[in-house]
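A structural walkthrough
The chain contents come next:
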Amino acid sequence: MKSNAFIFTQSFNDTDSKSLITKLADSGFTGINLAVNYHASRDFSPMRNGELIYPIDGFHYYLPENKNYPAESLIPDKESHLQNNNLLDSIFQARDNFEINAWAVFLHNSSFFKTNPECYIQNVYGTRFQSELCPSNPKVKLYVEGLVTDLASRGFKSISVESLQFHGFDHGEHHERLFLQMSQVTKFLLSLCFCPFCTQKYAGAEALKKSIKTALKPFFEEQDPWIVKNLSKQVLQEILGEEILNYLLVREKTLSDLYKTVYQIGKKFGVKIYYEDQAPLINYQNHEVLNDSWQIGIDNQKLSSSCDAYLPLMYRKDLQDFQKLVAHYRTEIKTELRAIIRPTFPDCDSLENLFQKVEILDKAKVTSIDFYLFDTWREINLNWVTQALARIA
């Protein structure tokens, strides 16, 4: 069984790369998924004496090759990347037979907003979501192509593609405030993109915008009319008619075409493309999560032919819920299936819990069990992973 540790480059900053890779290999890992570019966060690291790690939003933890980005593409500025490849080179030099895979965040990126605000999601009221690039925008598409080309040309075995999707309303900004009840229906409508590049793809976009504004009027004036309703295509159709469903199909085609391009670039360089599937995070109470992928613009039938494997975040604490989630993916996904789990709170509170999850995945014949996120573990969590992997070896 293959197994990769998701890991920040910061864990390599104050240690010898060879020593850390040897430690991971001795713990049962066959490789790492290295965060080569990431979004902003604050991560508590017990193994680093409680250090707080602050990844920078949209930062590239290497020196990009601008020649890999097409003309008219967004290009990382000098403040958004390292000034050399010394760290990356040291990791590759220490690898031996250990796999070095890229883990890249694509559209959840605020670093271009000051210079290119037109490249970001724009909702029905013209409000820009400053952390979400729009995949319909030509400059953004070219940035995606350039980023994949740049990473694929560096010798990575695979690229775990995170955040190549439309995002929802919730984000988690610093001191974010929302002092009212908001249904999932309202959040979805407020996060739909109606930028010029999205609307030009659909003839009925202007009429749909008017309908959405009319439907949202009670929310702004008094209260949310859909608090008791679950978000579904049927509910949206009841509110807005067939037009909303047609608009959603346009979004799905935008992403399907973009994934097809990413996959072709990967094949050109002999690099595997893994779709890091965040559908399990849309609704933790649901185990048939692929039925919700439309909410982020994903058509699973089309996407499964434009990636080498699905890599879902199987974050569930309850073993029965976990088993149902795994069975759902095993039934619905015909391409290679890998998995991401957390050996820590809030998903695992004991070694036995982790044992059983690893065994469920092994019986489901996933090809790799990847563990998130090394930098945030205690040593005991690493020991748990070692014991769990040894059990299925």
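Just above, that's the structure.
Attention here is on the structure that accompanies the text. Quick caveat: nothing in here was measured; it's all calculated off a predicted structure.

**Comments concerning the pairing of strand β1 (residues 4–8)**
- The buried count for β1 comes to 5 of 5 residues, which makes it a mostly enclosed element.
- Here β1 shows two buried faces, one formed by Asn-4, Phe-6 and Phe-8 and the other by Ala-5 and Ile-7.
- Across 5 bridges, β1 lies against strand β2 (residues 31–38) in parallel orientation. Within β2, the position partnered with Phe-6 by the bridge is Asn-33.

**Comments concerning the pairing of strand β6 (residues 99–105)**
- In terms of burial, β6 is a largely internal element, 7 of the 7 residues being buried.
- Burial along β6 is two-sided: the residues Glu-99, Asn-101, Trp-103 and Val-105 and Ile-100, Ala-102 and Ala-104 are all buried.
- Across 6 bridges, the pairing between β2 and β6 is parallel. Across the sheet, Gly-31 pairs through a bridge with Glu-99, a residue of β6.
- Of the pairings in the sheet, the one linking β6 to strand β9 (residues 158–162) comprises 4 bridges and is parallel in character. Counted as the bridge partner of Trp-103 is Ser-160 from β9.

**As for the environment of His-175**
- Checked against the element boundaries, His-175 lands in the loop between β9 and α4 (184–191).
- Taking the C-alpha atoms as reference points, His-175 and Glu-238, 63 residues apart in sequence, are found 35 Å from one another.

**Concerning the nonpolar core**
- Formed by 117 residues in total, the largest nonpolar core has its most connected members in Ile-32, Leu-189, Tyr-329 and Phe-371.
- Not counting the four nearest positions on each side in its chain, Leu-189 is found in contact with Ile-212, Leu-216, Trp-226, Leu-236 and Leu-240.
- With 14 residues, the next largest nonpolar core counts Trp-103, Tyr-274, Ala-309 and Leu-313 among its residues.

**Details of the packing of aromatic side chains**
- Under the criterion given, the structure shown has 23 aromatic pairs.
- Between Phe-188 and Trp-294, the ring centres sit 5.5 Å apart and the planes meet at 70 degrees, which makes this aromatic pair edge-to-face. On the criterion of sequence distance, the pair formed by Phe-188 in helix α4 and Trp-294 in the loop between β10 (272–275) and α9 (300–303) is long-range, its members being 106 residues apart. Note on accessibility: Phe-188 and Trp-294 belong to one class, buried.
- An aromatic cluster is built from Phe-6, Phe-8, Tyr-38, Trp-103, Tyr-315 and Tyr-372, whose rings are joined through pairwise contacts.
- Across the ring face of Phe-322, the terminal group of Lys-357 is positioned such that the distance to the ring centre comes to 5.6 Å.
- One cation-aromatic arrangement involves Arg-391 over Phe-355; the distance from NZ or CZ to the ring centre is 4.0 Å.

**Some points on a nonpolar patch on the surface**
- Where nonpolar side chains cluster on the molecular surface, the patch consists of Phe-44, Leu-52 and Tyr-54 and spans about 320 Å² of accessible area.
- Inspection of the secondary structure puts Phe-44 in strand β3 (residues 43–45).

**Some details on helix α1 (residues 17–26)**
- Of all the residues in α1, the buried ones are Ser-17, Leu-20, Ile-21 and Leu-24. Projection of α1 onto a plane perpendicular to its axis shows the buried side chains occupying an angular sector of 95 degrees, all on one side.
- Gly-28 lies just past α1 and shows a positive phi near 110 degrees.

**Brief notes about the pattern of salt bridges**
- As enumerated under the stated definition, the model contains 15 salt bridges in all.
- Residue Arg-342 pairs with Asp-347 through a salt bridge whose shortest N-O separation is 2.7 Å.
- Judged by its relative accessible area of 17%, Arg-342 falls in the buried class.
- Looking at Asp-347, the relative accessible area reads 4%, which means it is buried.
- A single salt-bridge network, built from bridges that share partners, covers Asp-14, Arg-48 and Glu-51.

**Description of the packing of helix α11 (residues 351–363) against helix α12 (residues 379–391)**
- Interaxial distance between α11 and α12 falls to 9 Å at its minimum, and their mutual angle equals 40 degrees. The orientation of α11 with respect to α12, classified from their angle, is oblique. For the pair α11 and α12, the crossing hand works out as right-handed. Mapping the contact onto sequence places Leu-351, Glu-352, Leu-354, Phe-355, Val-358 and Glu-359 in α11 and Trp-384, Val-385, Gln-387, Ala-388 and Arg-391 in α12.
- Residue composition of the contact of α11 with α12, by class: 7 nonpolar, 1 polar and 3 charged.

So, how was this worked out
Residues numbered from 1 in each chain as written. Predicted model: local features only at pLDDT ≥ 70, side-chain atom pairs only at ≥ 80, totals over all residues. Heavy atoms only, no water. Buried < 20%, exposed > 50% of the residue type's maximum accessible area, 1.4 Å probe, protein only. Helix = DSSP H or I, 4+ residues; strand = E, 2+ residues; numbered from the N terminus. Pairing = 2+ DSSP bridges. Core = buried A, V, L, I, M, F, W, Y, C linked by side-chain atoms within 4.5 Å. Contact = heavy atoms within 4.5 Å. Phe/Tyr/Trp six-rings, centres within 6.5 Å; stacked < 30°, edge-to-face > 60°. Lys NZ or Arg CZ within 6 Å of the ring centre and 35° of its normal. Patch = residues over 30% accessible without salt bridge, like charges linked within 9 Å, V, L, I, M, F, W, Y side chains within 5 Å. Areas by Shrake-Rupley, 256 points an atom, 1.4 Å probe, with all protein chains shown as cover. Salt bridge = Lys/Arg side-chain N within 4 Å of Asp/Glu carboxyl O. Arc of directions from axis to C-beta. Axes fitted to C-alpha atoms, helices over the stretch in contact; angles between N-to-C directions. Parallel < 35°, antiparallel > 145°, perpendicular 65-115°, else oblique. Left-handed = near helix turned anticlockwise from the far one by under 90°. Nonpolar A, V, L, I, M, F, W, Y, C, P; charged D, E, K, R; others polar.

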